[in-house]
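A structural walkthrough
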Amino acid sequence: MVGCAGSSRPQDDATLPKLMVERLSWMDEVVRVKQARSLPVTDAKREEELLVMMEREGQKAGLPAQAVREFFAGQITAAKFLQTEWLKKYPQGDPTLVGQPLPDLSVTVRPALDRLGKSMLTALAVSRQKQDSRTMMAAAKTELTEAGYSKQVIAAALEGLEAGLK
Ligand SMILES: O=C(O)C(=O)C[C@]1(C(=O)O)C=C[C@@H](O)C=C1
């Protein structure tokens, strides 16, 4: 089950890659809100808050702040590429979602991303101890490719992962 990295279930080398894909899968919801409210893709204040929160949480799991920051910076860059691609594809909105209620970024989406981030930290801590980084990078590339993301989205997410594993 994805999103349960904190449980006692043993981690395999796909846990963190699956969580990276799950995080990206939120971005069409996020960008629908931004498009409807004419907000820019980048919210630098939210990014910094998230990075600081993850650094702090990561420290509890014994993770170096720099590895945590660079890991999430990569996931955020990937998220922004994905949102930008979506806006280009759907300048008038996704026709299959017209009329669907918009989620609230601060009430539902960002808290969900925060929870997911914490699961990612747990998985990152396990991966840094157990897995060799080349196996993890290959597993992540496979998951992201199978999920259908573009080369630039995949490259950014992998760059973050590589830095997070160092
Ligand atoms: O929370 C948002 O507004 C998002 O777009 C998500 C996200 C992220 O990946 O966490 C991505 C881009 C923004 O600059 C801030 C955060």
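Taking an unreviewed UniProt entry as the reference, the protein chain is identified by name as chorismate mutase belonging to Prosthecobacter fusiformis.

1. Overview of empty space enclosed by the protein
One water molecule sets the probe size; rolling that probe over the atoms shows where empty space is left. The full count for this structure, using the stated rule, is one cavity of 30 Å³ or more. Empty space within the largest cavity amounts to approximately 230 Å³. If you go around the largest cavity, you meet 18 residues; those closest to its centre are Lys34, Arg46, Ile76, Gln83 and Leu113. Of all the secondary-structure elements, those providing two or more residues to the lining of the largest cavity are helix H2 (27-36), helix H3 (44-60), helix H4 (65-89) and helix H5 (105-130).

2. Here's the deal with unusual backbone geometry
Peptide bonds are mostly trans, and most non-glycine residues show a negative phi. The phi dihedral of Ser38 is positive, around 50°, even though this residue is not glycine. Residue position: Ser38 is located in the loop between H2 and H3.

3. With respect to the site of the ligand
Around the ligand sit 15 residues, and of these Arg23, Lys34, Asp43, Glu47 and Arg110 come closest. Asp43 places a main-chain nitrogen or oxygen 2.8 Å from an oxygen atom of the ligand. Residue Glu47 places a side-chain N or O atom 2.5 Å away from an oxygen atom belonging to the ligand. Taken by itself the ligand offers 360 Å² of open surface, and the protein chains cover 100% of this. Breaking the shell around the ligand down by element, the ones donating at least two residues are H2, H3 and H4. Sort the elements by how many residues they give to the shell around the ligand and H4 lands first, with four residues.

4. Re the environment of Gln83
Locating Gln83 in the fold gives a position in helix H4. Taking relative accessible area as the criterion, Gln83 reaches 4% and is therefore assigned buried. Put simply, Gln83 and Gln35 are 48 residues apart on the chain and 9.8 Å apart in space, counted from C-alpha to C-alpha.

5. A few points about the environment of Arg46
Position of Arg46 relative to the elements: it lies in helix H3. Judged by relative accessible area, Arg46 falls into the buried class, the value being 13%. Excluding residues within four positions of it along the chain, Arg46 makes contact with Met53, Arg110, Leu113 and Asp114.

6. Comments concerning helix H1 (residues 15-25)
Every α-helix carries 3.6 residues per turn, so stepping three or four residues along brings you back to the same face. Taking burial as the measure, the 11 residues of H1 include eight buried ones, the bulk of the element. Within the span of H1, buried status applies to Thr15, Leu16, Pro17, Leu19, Met20, Val21, Arg23 and Leu24. The inward-facing, buried residues of H1 contact H2, H3, H4, H5, helix H6 (133-146) and helix H7 (151-165).

7. Let's talk about the packing of aromatic side chains
Evaluated as defined, the whole model comprises two aromatic pairs. Between the aromatic rings of Phe71 and Phe72, the centroid separation amounts to 4.9 Å while the plane-to-plane angle is 85°, which identifies the pairing as edge-to-face.

8. Overview of the packing of H2 against H5
Two elements in contact, H2 and H5, have axes separated by 11 Å at closest approach and are oriented at 150°. Judged by the inter-axis angle, H2 sits roughly antiparallel to H5. Both H2 and H5 take part in a crossing whose hand is left-handed. For the pair formed by H2 and H5, the contact residues are Met27, Val30, Val33 and Lys34 on the first element and Leu105, Val109 and Leu113 on the second. Split into classes, the residues belonging to the contact of H2 with H5 amount to six nonpolar, no polar and one charged.

Rules of the game
Residues numbered from 1 in each chain as written. Predicted model: local features only at pLDDT ≥ 70, side-chain atom pairs only at ≥ 80, totals over all residues. Heavy atoms only, no water. 1 Å grid on protein atoms, 1.4 Å probe; cavity = no way out; pocket = protein on both sides within 12 Å on 5 of 7 lines; lining within 4 Å. Points joined across faces, edges and corners; volume = space filled by probe spheres on them. Helix = DSSP H or I, 4+ residues; strand = E, 2+ residues; numbered from the N terminus. Near = heavy atom within 4 Å. Polar contact = N/O pair within 3.5 Å; in protein donor to acceptor, adjacent residues only side chain to side chain. Areas by Shrake-Rupley, 256 points an atom, 1.4 Å probe, with all protein chains shown as cover. Buried < 20%, exposed > 50% of the residue type's maximum accessible area, 1.4 Å probe, protein only. Contact = heavy atoms within 4.5 Å. Phe/Tyr/Trp six-rings, centres within 6.5 Å; stacked < 30°, edge-to-face > 60°. Axes fitted to C-alpha atoms, helices over the stretch in contact; angles between N-to-C directions. Parallel < 35°, antiparallel > 145°, perpendicular 65-115°, else oblique. Left-handed = near helix turned anticlockwise from the far one by under 90°. Nonpolar A, V, L, I, M, F, W, Y, C, P; charged D, E, K, R; others polar.

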